[in-house]
Amino acid sequence: MNPRNALSCLTLALFAAGAHAAPTLYLGMNGGTMERVYADKVLPAFEKANDVKVVIVPGTSSDILAKVQANKDNPQMHVMFLDDGIMYRAISMGLCDKLAPSPTLEQIPPKAKIKDEAVAVTLGVTGLGYNARLFKEKGWAAPTSWMDLADPRFKDKVVFQSLASSTFGLHGFLMFNRLQGGDETNVDPGFKAWPKTIGPNVLEYIASSAKISEMVQTDEAAIFPLTPTQVATQKLLGVPMEYAQPKEGAVVLNVAECVIARNDQPELAQKLAAYLLTAEAQAPALEEGDQIPSNPTTPTTDKTRARVEAMQGYLQTAISIDWDQVNQARPEWNARWSRSIER
């Protein structure tokens with residue numbers, strides 16, 4: 001064959017292959033267990049049904065938000081998962097499109113929706129985790145209250161996530177503040193009482209919860225804010241943790257999704273967001289990753305039923321934070337926390 005003709009054939013073949021290449025959607029979410037479960041168990045069915053490739057961009061909610069904000073005029077992602085409080089910020093920044101109506105969206109309870117732009121994909125709460133082995137060894141009764149963080153028994157045994165970088169730390173502080181007579185519009189009671197109550201018990205303030213499992217295994221950590229889902233995950237790995245529901249209520253902590261505004265595949269992105277709300281998608285996320293479903297039609301198994309029922313119980317008394325107020329005041333709180341608590 002004439003070399004020029006051969007080159008032309010190759011060019012045409014590559015063009016044809018490119019013309020039929022499946023589009024790619026980018027989904028921002030937490031890494032670790034969630035990323036693996038979605039990549040292996042949740043997304044393949046959507047990819048096959050829609051001839052599309054979904055690539056996960058892993059990171060914390062703050063990481064994902066920062067990336068989307070940095071590219072808001074030319075988004076590099078199509079859908080993102082964020083903790084509910086950070087999702088409120090994303091919506092206020094204009095980073096989320098309104099969710100398109102869909103049968104699956106209608107199945108989600110109203111309390112799991114955030115305005116018109118976002119909806120929970122997994123349900124959760126922040127309560128108290130504790131070192132079950134250490135508690136048994138010391139003969140301590142399981143925690144029952146947020147104020148147990150101030151119990152003198154736990155001198156240098158409280159590990160607390162930084163308010164400035166962690167939703168868990170923020171939740172724990174706000175519940176303590178409420179018990180001191182404050183609320184989201186007045187955090188003075190919490191900041192004033194902290195140095196003489198919980199503060200002396202804190203061994204270390206940590207940026208995220210990643211160190212907690214290690215600190216439990218070395219018995220440095222006795223008690224800390226955490227979710228029942230994370231406790232269950234650590235228990236499966238052999239870490240001696242248990243979850244305790246505070247009598248004052250845990251704090252609602254859902255992971256929500258939104259379709260990123262101005263993305264280059266708006267219809268496919270809406271389709272992916274709708275699929276992730278289906279029982280078909282949420283069942284494997286529950287079974288393989290302990291992601292408590294927001295869709296109440298999601299089936300349970302002997303392995304998962306008790307966890308789902310327990311979460312439903314926790315949510316009945318759970319406290320919802322006024323996130324619009326929190327996000328408005330949080331920069332000031334962060335500075336005050338760094339100045340007066342973690343100095």
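About the thresholds
- The numbers attached to residues start from 1 for each chain and follow its sequence in the written order.
- Confidence filtering applies because this is a predicted model: local features only for residues at pLDDT of at least 70, side-chain atom pairs given and counted only at 80 or more, and all residues used for totals across whole chains, interfaces and linings.
- To get the side-chain values, all heavy atoms of the structure are used, and hydrogens and water are removed first.
- Working definition: a ring pair exists when centres of Phe, Tyr or Trp rings (six-membered ring for Trp) sit within 6.5 Å. Plane angles under 30 degrees give stacked, over 60 give edge-to-face, the rest tilted.
- Here's how the labels work: a residue is buried when its accessible area is under 20% of the maximum for its type, exposed when over 50%, partly exposed in between, all with a 1.4 Å probe on protein chains only.
- Going along the chain from the N terminus, every DSSP run of H or I of four or more residues is numbered as a helix, and every run of E of two or more is numbered as a strand.
- Paired strands are those between which DSSP finds at least two bridges.

### Comments concerning the packing of aromatic side chains
- In total, this model carries 15 aromatic pairs according to the counting rule given.
- Both rings, one in Tyr130 and one in Phe135, keep their centres 4.8 Å apart while their planes meet at 55 degrees; by these two values the pair is tilted.
- Take Phe135: its relative accessible area is 2%, and that puts it in the buried class.
- A ring pair is formed by Tyr243 and Tyr314, whose centres lie 5.0 Å apart and whose planes are at 55 degrees; its orientation type is tilted. With a gap of 71 residues between them, Tyr243 in strand β10 (residues 241–244) and Tyr314 in helix α13 (residues 305–316) connect regions that are remote in the sequence.
- Ring pairs connect the aromatic residues Phe160, Phe173, Phe176, Phe191, Trp194, Tyr205 and Trp337, which therefore count as one cluster.

### So, the sheet that holds strand β2 (residues 53–58)
- Spatial strand order, β2-β1-β3-β12-β5-β4: six strands in an open sheet with mixed pairing. For this open sheet the edge positions go to β2 and β4 (113–114), each flanked by a neighbour on one side alone.
- As paired strands, strand β1 (residues 24–29) and strand β3 (residues 79–83) are joined by two bridges and run parallel to one another. Directly across from Leu27, in β3, lies its bridge partner Val79.

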